[in-house]
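These are the residues of each chain, in order.
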Amino acid sequence: MTLHFLNPQAWWLAGLLAVLIALYLWDRTRRDVDVPSLLLWQEIPVATARATRLRPDWLLLLQCLLLLALIAALADPVLDERQDGRAAGRSVFVLDGSASMQAREGRATRFEQARQTLRERLAALPADDEVMLILAGPQPSVVVAPTTDHAAALRQLAAVEPVDTRANLDAALAVARRAAARGDRATRVELYSDTPRELLAADWRDTVSVFPVGETDDNLAIEGVQVFQGRFEDPREAHAYVAVRNFARREAHGVLTLALDDAVLERRGFSLAPRSVGGFPVRNLPGPGVLRASLEVDDALAADNRAHALVRPLRPLHLRVVSDDAGLRAALTRVARAVPNLDIEFVAPAAYRDAGGADVVLFHRITPPLPADAASLYVAPARDAGPFPSRAAAQAVSVVDGDDAHPTLRGLRLDLPLPDTSARRLTAPPWATTTLAGRAEGSALPLLLTGEQNGHRHAAIALDLGGDQLLGTEHVDLLVLLLNLFDWLAPTADGTRVVPTGSVEVIDALPPLPRHIADPRGGEVDQPADAPALVDARFAGEYRVSADGTQVRVFADLSDAEESDIGRPAASPFLAPASPARADQNAPRGHGLGAGLAGIAMLLLPLEWMAARRRT
């Protein structure tokens, strides 16, 4: 501890002590006085003669103490608790927890190397420095809130682990910047990552200290597994394709194993040239199930050495068509003969009452209310009321834009014109979006609206598919669009899903009961019945979600070329300047003594007054 004065200029008032002593001496100085006679003084005892030298006097001592106490109180002394008077700082550590940080560099992973470097940095900090630890994942996680308990921070650091997805470094560094902006301490933000400093956003390059890890590019990865199977196609007629990429700058070798559920289909040895992709077709699938692809290879990153895809079982779809158009009925009958497991029932508009147990209800040129217990497809609705109100028809329709990622547009050539096709001008309800947009007669109009309401999917096509248009050679895309819509409106619910790592999957196929979730790394968590059923797919592998005997399986795959491309240039640490504390925060911190000194002065004041009264 050291003593500091917040207002040292007050000590200039110490000159008043000299004034007080001078007044005291002046009062004691001998003076000549003319008197008419010494007769009366002869009876008075001889008093001690005054002198100009200072002699002990209790009144003077009290007055000096009182003055010194007041001056010291004005100087505002503080007993500083900081070590050697040094201003304590704060270090905000951001640790990259992305999938690429799991790459092996020798005997340790990049994450372990970064953790060791961070541990050494933390151990070297003064004991009164504050530390904060942020783990950068899909969302930033504050592992250690600002604290001076370095031992607790080290324990938390030892417990964190990386995930099998990319990290949002911008979000993590933004959280760190907010901590630095508090200004109560000089703060340094440090990033421990395999992301090169040059690839950081410009906001961070010069303000964040970077401690880089990792150099190797030795990695083979399964980029993806794709199953080509139509909604109404037998799984034994489907085929698949596996893509494997070599991210290294040297030739790589490995073995690809393909299995359907737990039955191995085949094993293939292969060699790949540097920075190349190899394709492996898979035919003669024995049936439905989970197609598993895995690599046997000694590379640096294991999280991307496996992937999954679904071979769906053949499930019938019951379609109820409400129309009196003979041409549409004939076209759909021909489609049903060619498509296995597509069951079509025709109902006249006047006889329609409900879905009748159908999976999808198709309404042609009419707009009844949405079915309560089925999905629905409205084709060229011809009224200005109902779920999809429409206005007059438009001619010479052309496609302008579409949502390429939507399953209903899969396999369509959106650049082709739509000759001799009329369309209704639909009005989208609030819950629906425009999936396919067109243009006719100089104005834009939606051609396909899709959405979900009351737990079922619904869609509306502005194009009129009546007559011979559906099976015309110039309208092949319309037939593909119709089959895609049937597939999207009534998705198969087989209790198995494949998602990319980093996604949050909503499980809506479970009863409203408490749920148990087991993740690929052996972790288990229970969710209450009133909470949403969510799977946070941070790790690659299989998640099992169960409730009262009902089970849903979720397979998460790391299919991210940026994370799999682990090669990094050699780099040295970059140290950025710390953000300074506010000027008032650089002042000493500790116990203030000014108030106590002022209290002492107040106690001395009545003592001085009583001594002065006694003197007079």
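Quantities reported herein were computed from a predicted structural model and do not represent experimental measurements.

Description of the packing of helix α3 (residues 110-123) against helix α4 (residues 150-159)
- Taken N-terminus to C-terminus, the directions of α3 and α4 make an angle of 180°; their axes are 11 Å apart at the nearest point. Taken as axis vectors, α3 and α4 run roughly antiparallel relative to one another. Of the residues in α4, those in contact with R115, L118, R119 and L122 of α3 are H150, A153, L154, L157, A158 and A159.

Here's the deal with the pattern of salt bridges
- By the definition in use, this model includes 28 salt bridges.
- Here R410 makes a salt bridge to D487, at a shortest N to O gap of 3.4 Å. Placement of R410 in the loop between β22 (398-402) and β23 (423-426) and of D487 in helix α8 (residues 476-489) is noted, with a sequence separation of 77 residues between them.
- Given a relative accessible area of 45%, R410 falls into the partly exposed group.
- The network of salt bridges with shared partners includes E105, R110, D194 and R568.

Structural notes on the nonpolar core
- Membership of the largest hydrophobic core comes to 53 residues, with the highest contact counts inside it found for L319, L342, L362, L377, L447, L448 and F486.
- With seven residues, the single largest contributor to this core is α8.
- Excluding anything up to four places from it in sequence, L377 contacts V360, V361, L362, F363, A459, A460, I461, L482, L485, F486 and L489.
- Within the second largest apolar cluster, 23 residues are counted, among which are A252, L258, L260 and V311.

Points about the sheet that holds strand β10 (residues 220-228)
- Within the open sheet, the three strands sit side by side as β10-β11-β14. Their pairing is antiparallel. Strand pairing shows two members of the sheet lacking a second neighbour, β10 and β14 (277-282), which therefore form its edges. Pairwise comparison of adjacent strand axes, ignoring direction, gives a mean angle of 15° for this sheet.
- Relative to strand β11 (residues 239-246), β10 runs antiparallel, the two sharing eight bridges. Within β11, the residue paired with I222 across the bridge is V244.

Rules used in this analysis
Residues numbered from 1 in each chain as written. Predicted model: local features only at pLDDT ≥ 70, side-chain atom pairs only at ≥ 80, totals over all residues. Heavy atoms only, no water. Axes fitted to C-alpha atoms, helices over the stretch in contact; angles between N-to-C directions. Helix = DSSP H or I, 4+ residues; strand = E, 2+ residues; numbered from the N terminus. Parallel < 35°, antiparallel > 145°, perpendicular 65-115°, else oblique. Contact = heavy atoms within 4.5 Å. Salt bridge = Lys/Arg side-chain N within 4 Å of Asp/Glu carboxyl O. Buried < 20%, exposed > 50% of the residue type's maximum accessible area, 1.4 Å probe, protein only. Core = buried A, V, L, I, M, F, W, Y, C linked by side-chain atoms within 4.5 Å. Pairing = 2+ DSSP bridges.

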